[in-house]
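# Structural characterization, general
The primary structure of each chain is shown beneath.
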Amino acid sequence: QLQLVESGGGLVQPGGSLRLSCAASGFTLDYYAIGWFRQAPGKEREGVSCISSSGEGQTMHDSVKGRFTISGDNAKNTVYLQMKSLVPEDTAVYYCAAVRTAYRRSGCPALARLYGNWGQGTQVTVSS
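Residues numbered from 1 in each chain as written. Predicted model: local features only at pLDDT ≥ 70, side-chain atom pairs only at ≥ 80, totals over all residues. Heavy atoms only, no water.

## Some remarks on the state of the cysteines
For the structure on display, the rule yields two disulfides. Across the disulfide from Cys-50 sits Cys-108; the S-S distance is 1.9 Å. Taking the sign of the S-S torsion, 60 degrees for the link of Cys-50 and Cys-108, the bridge is right-handed. Of the two residues, Cys-50 is situated in strand β5 (residues 46–51) and Cys-108 in the loop between β9 (92–100) and β10 (117–118); the sequence distance between them amounts to 58 residues. When its relative accessible area of 12% is taken as the criterion, Cys-108 is described as buried. (Disulfide = S-S within 2.5 Å. Helix = DSSP H or I, 4+ residues; strand = E, 2+ residues; numbered from the N terminus. Buried < 20%, exposed > 50% of the residue type's maximum accessible area, 1.4 Å probe, protein only.)

## Comments concerning the packing of aromatic side chains
Counted under the stated rule, the structure contains five aromatic pairs. When the centroid spacing of 5.1 Å and the interplanar angle of 75 degrees are considered together, the rings of Phe-37 and Tyr-115 count as edge-to-face. Note that Phe-37 is positioned in strand β4 (residues 32–39) and Tyr-115 in the loop between β9 and β10, a separation of 78 residues in sequence. Seen in terms of ring centroids, Tyr-95 and Trp-118 are 6.4 Å apart; in terms of plane orientation they differ by 75 degrees. Their pairing is edge-to-face. With Tyr-95 in strand β9 and Trp-118 in strand β10, this residue pair connects regions lying 23 residues apart in the sequence. Accessibility expressed as a relative area gives 28% for Trp-118, which makes it partly exposed. Through a chain of ring-to-ring contacts, three or more aromatic side chains come together here, namely Phe-37, Tyr-95, Tyr-115 and Trp-118. (Phe/Tyr/Trp six-rings, centres within 6.5 Å; stacked < 30°, edge-to-face > 60°.)

## Comments concerning the pairing of β9
With eight bridges connecting them, β4 and β9 associate as antiparallel partners. Across the sheet, the residue bridging to Ile-34 is Ala-98, located in β9. Here β9 runs beside strand β11 (residues 122–126); their pairing, made up of three bridges, is antiparallel. By the bridge assignment for β11, Ala-92 is matched with Val-124. Alignment of β9 against β10, held across two bridges, turns out to be antiparallel. Counterpart to Ala-97 in the pairing with β10 is Trp-118. (Pairing = 2+ DSSP bridges.)

## Side note on the pattern of salt bridges
Should their charged atoms come close, side chains of opposite charge can pair. With the rule as written, the count across this model stands at five salt bridges. Taking the shortest distance from any N to any O, the salt bridge between Arg-38 and Glu-46 comes out at 2.7 Å. The partly exposed category is assigned to Glu-46, whose relative accessible area is 23%. Here Asp-90 and Arg-67 are joined by a salt bridge, their closest N and O atoms 2.8 Å apart. Here Arg-67 lies in the loop between β6 (57–59) and β7 (68–73) and Asp-90 lies in the loop between β8 (78–83) and β9, a separation of 23 residues in the sequence. Taking relative accessible area as the criterion, Arg-67 reaches 14% and is therefore assigned buried. Overlapping salt bridges bring together Arg-38, Glu-46, Arg-67 and Asp-90 as one network. (Salt bridge = Lys/Arg side-chain N within 4 Å of Asp/Glu carboxyl O.)

## Focus on the sheet that holds β7
In spatial order, the strands read β1-β3-β8-β7; together these four strands make up an open sheet with antiparallel pairing. With partners counted over all chains shown, the strands left at the sheet margins are β1 (3–7) and β7, one partner each. Averaged over all pairs of adjacent strands, the angle between strand axes in this sheet comes to 15 degrees, irrespective of strand direction. (Axes fitted to C-alpha atoms, helices over the stretch in contact; angles between N-to-C directions.)

Written as structure tokens, this is what we have:
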């Protein structure tokens, strides 16, 4: 069974930082691209960042460019989202998701509907 377990969310002040973790089990990251998505109340789910099965990161939303960094640790089978310079507009439930790829394939899909396995989500709240 493919499972994704997220952690690291919480309450942080504007300008602060958080690191989210997505621990994968039942599969190897060499065969899956991993995407981070977020959804705020009353808004559509949007892509944040993704990492290919070859370990290359990609920003999926202009608002997080230069602030969020995605990375992977294949030894731990875990993907991270390092978030800095957080603003209230970043407040949302953050989800990680996986999609099967060829072995260590470059690039990752940007569309949420292409990801078939999802984590439970972790709440990120940016507020004073």
